[in-house]
Amino acid sequence: MSEGYISLRELEDNCKTNIRFMYLMDNETPSYKTFENFINDVLSDSIKEIFNDVNKKIFEEESVDLNHMP
């Protein structure tokens, strides 16, 4: 969240000790394995769709024209 890339074990630890993470997780403390399962089972199939949707929204909001890219 504030550090860029973070390992799943660091994510687990932050959910136990960092007030911002605790708030976002509604005081739940999932294990690193839970995060891993979520990434592999839920996100892996749809990550390309999420990436495309985010890019599409950015391009629409910011009027990005890719024709000017080298």
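Scroll up a little and you will see the structure.
Below is a short write-up of the structure. Values in this document were obtained by computation on a predicted structure and should not be read as measured data. (Residues numbered from 1 in each chain as written. Predicted model: local features only at pLDDT ≥ 70, side-chain atom pairs only at ≥ 80, totals over all residues. Heavy atoms only, no water.)

This next bit is on the overall build of the protein chain. Secondary structure assignment for the protein chain yields three helices and zero strands. Helices and strands in the protein chain line up, N terminus first, as α-α-α. For the protein chain, buried positions account for 13% of its 70 residues. At a minimum sequence separation of 6, the contacts of the protein chain that also span at least 24 residues come to 16%. Carbon and sulfur atoms make up 54% of the accessible area of the protein chain, which totals about 6200 Å². (Helix = DSSP H or I, 4+ residues; strand = E, 2+ residues; numbered from the N terminus. Buried < 20%, exposed > 50% of the residue type's maximum accessible area, 1.4 Å probe, protein only. Contact = heavy atoms within 4.5 Å. Areas by Shrake-Rupley, 256 points an atom, 1.4 Å probe, with all protein chains shown as cover.)

A few words now on the pattern of salt bridges. Pairs can form between side chains of opposite charge once their charged atoms are near each other. Scanning the model with the defined rule gives three salt bridges in all. In this structure, the salt-bridge partner of Glu12 is Lys16, at a minimum N-O distance of 3.5 Å. Here Glu12 and its partner Lys16 are both found in helix 1 (residues 8–17), four residues apart, which amounts to about one turn of the helix. Taking the shortest distance from any N to any O, the salt bridge between Lys33 and Glu36 comes out at 2.9 Å. Remark: Glu36 and Lys33 occur in helix 3 (residues 32–62); sequence separation between them is three residues, near one turn of the helix. On the basis of relative accessibility, which here comes to 26%, the residue Glu36 falls in the partly exposed class. (Salt bridge = Lys/Arg side-chain N within 4 Å of Asp/Glu carboxyl O.)

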